[in-house]
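Letter by letter, the chains look like this.
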Protein chains: 2
Amino acid sequence: MKILVTGGAGFIGSHLTDKLLEEGNSVVVYDNLSLGRLENLDEASKNPNFKFVEGDILDREKFWNVFKTHNFDIVFHMAANSDIAKSHANPDVDFDNTFKTTYETLLAMKEFGIKKLVFASTSAIYGEAHVSVDETYGPLFPASHYGASKLASEGFIASFCENYGIQAWITRFPNVVGERSTHGVIRDFIKKLKKTPDCLEVLGNGMQYKPYVYVKDLVDAILFVWKNTDDKINYFNIGVETRTRVKEIAQMVIEEMGLNARIEYTGGDRGWVGDVPEFSYNLDKIHKLGWKASYTSNEAVRKAIQYILEMDKCSL
Amino acid sequence: MKILVTGGAGFIGSHLTDKLLEEGNSVVVYDNLSLGRLENLDEASKNPNFKFVEGDILDREKFWNVFKTHNFDIVFHMAANSDIAKSHANPDVDFDNTFKTTYETLLAMKEFGIKKLVFASTSAIYGEAHVSVDETYGPLFPASHYGASKLASEGFIASFCENYGIQAWITRFPNVVGERSTHGVIRDFIKKLKKTPDCLEVLGNGMQYKPYVYVKDLVDAILFVWKNTDDKINYFNIGVETRTRVKEIAQMVIEEMGLNARIEYTGGDRGWVGDVPEFSYNLDKIHKLGWKASYTSNEAVRKAIQYILEMDKCSL
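Residues numbered from 1 in each chain as written. Chains lettered and ligands numbered in written order. Predicted model: local features only at pLDDT ≥ 70, side-chain atom pairs only at ≥ 80, totals over all residues.

Another aspect to go through is helix H4 (residues 92-112) of chain A. Residue and element names in this part refer to chain A. Taking 1.5 Å per residue as the helical rise, H4 with its 21 residues ought to reach 30 Å, and the 28 Å between its terminal C-alpha atoms agrees with that figure. Along H4, the largest kink reaches about 40° and is centred on lysine 100. Glycine 113 sits one or two residues past H4 and shows a positive phi near 70°. (Helix = DSSP H or I, 4+ residues; strand = E, 2+ residues; numbered from the N terminus. Expected span 1.5 Å × (residues − 1). Bend = angle between axes of the 7 residues up to and from the residue.)

So, in structure tokens, the structure goes:
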């Protein structure tokens, strides 16, 4: 199968690319390298069925050229801004990179008659839900511009499906951790502790409680959903049943670094504006389909900490 | 109160403007007159508290100038493309006029510190729901780009509320009929029958079954919701409990025109791509708040037919 992966040099996109190649597909990665990194594609680059094109989705001429050159069977649209806190100061960050990229991808698919789309959506569309949310939860009032951009993306995916006979697989991710991540709470803590090994400042009260899924589990789930469902619009929460508190992450990081640091909380129930402090996912739908994560939230977090520390050692 | 009404020269926006002026407010209407008409503001123009500015919301300099000149207490954002079928051929019609206008309105509110927004949303965000939808219905997969654009708008309204302390009143309209409407099924039927008075061609099988609300009832409800709720995000379906089939509309138009035309159906369950053939609204939330429509769906449709025929007579 001939596949386009947008954002394929990024954290999740590169793992997806590796897996798609491993399964014998031809993969073209289109990425502007704003957050993605070429080194994430080191393995992929050895495969003759792989091609990388550096470019921005909002550069319509360049993007459409890729569709002209290749006859794609399906698009995996993974490109997005992944630094959710960033767009509080400037909403255009998510408007352009998280939403407009989706709209442009849909326009290109319409133009070139591509009929299948797998989309990286998010739990952030549910906003501050105080219950365990399943896929039919409403109302959808996202707290962050990132969540708004993904909800807007889902909306247009639906209307493009109806108007132009496109089929979509919408997979909604919680926090994702593991190899190749570029930012997030774990990296923040490690960075802080390197500067001040005796004290870790934690934004908020440390009680934020969310599920963290391991990146390879996530990629596995995306492909599982795509291969095992065939509705016009297929939509699934992907995640783990367990959750991890921010204070537990802090403790694990301190432990894995072999430190004896005290933790200082800045207070308040959230780390930044647009943060959702408690979040719980109902995963019945994907469980019924036959998929479960192999790592718990705590295991995924610890694995991610160990990986980052190992990488840091190598780069010394 | 000093109020900005975007799209205030349009069908619904102009009725809203009249009512806001009647209640003693100062109103600035900003409208690009693409669908709106100055004659809709004939009454308003006589009021010293009224001001009209011709301009496009996407012309940021011009739009921001209005915010610079006036110190608004609240924005009623009514501007949108209202011809839902139109964007099947070109999704940008709704992307630009229905969604981007909302995003630009939010950016202007952020820039100028305006903290209150009343928004014209739509039943089209619910897509093809096969049940009576209440305000928490999900998943939200709109069939039209118009619905997608309104859903995208709601998403960003929510994130702007959370990020910048804005308060919003989201009112979701079904089909709206009455004085000053510019298009829709009633006008189509009248136009067709003037050309061929013995035969009316109806797109689809005539069985489409939806609620039609009278425009003055709608405006009454918008203001009622705004005045009687005070959450961060207030969201309500607005409508009538009754519904009207397209074939009934056809019969009423023929009757009111004093004709004896036969009806020919083109077949299929919908009139155009993106149409939702059956739609039913759960109105418990607004009823509990204390508001009910004064006209039934059939009464609203008949009233609208009579008005258009009367207007046509005058313009002869």
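A few words now on unusual backbone geometry. Across residues other than glycine, the phi torsion is negative in most instances, and most of the peptide bonds are trans. All names here are of chain A. The peptide bond linking glycine 138 to proline 139 adopts the cis configuration, its omega dihedral lying at 0°. In this structure, proline 139 sits in the loop between strand E6 (132-133) and helix H5 (145-164). Positive phi outside glycine occurs at leucine 33, with the angle close to 60°. On the secondary structure map, leucine 33 appears in the loop between strand E2 (26-31) and helix H2 (42-45). On the basis of neighbour counts, which here come to 13 C-beta atoms within 10 Å, the residue leucine 33 falls in the partly exposed class. In this model, arginine 180 sits at a positive phi of 75°, which is unusual for a non-glycine residue. Secondary-structure assignment places arginine 180 in the loop between strand E8 (175-177) and helix H6 (185-195). Arginine 180 gets classed as partly exposed once you count the C-beta atoms within 10 Å, which come to 18. (Buried ≥ 20, exposed ≤ 12 C-beta atoms within 10 Å, placed from the backbone.)

With that settled, the discussion passes to the interface of chain A and chain B. With 29 residues of chain A in contact, the opposing surface of chain B contributes 29 residues. Here the side of chain A that touches chain B gets eleven residues from one element, more than from any other, and that element is H5(A). When its residues are assigned to classes, the side of chain A that touches chain B shows 16 nonpolar, eleven polar and two charged. (Contact = placed C-beta atoms within 7 Å. Nonpolar A, V, L, I, M, F, W, Y, C, P; charged D, E, K, R; others polar.)

Everything listed here is a matter of geometry and, on its own, says nothing about what the molecule does.
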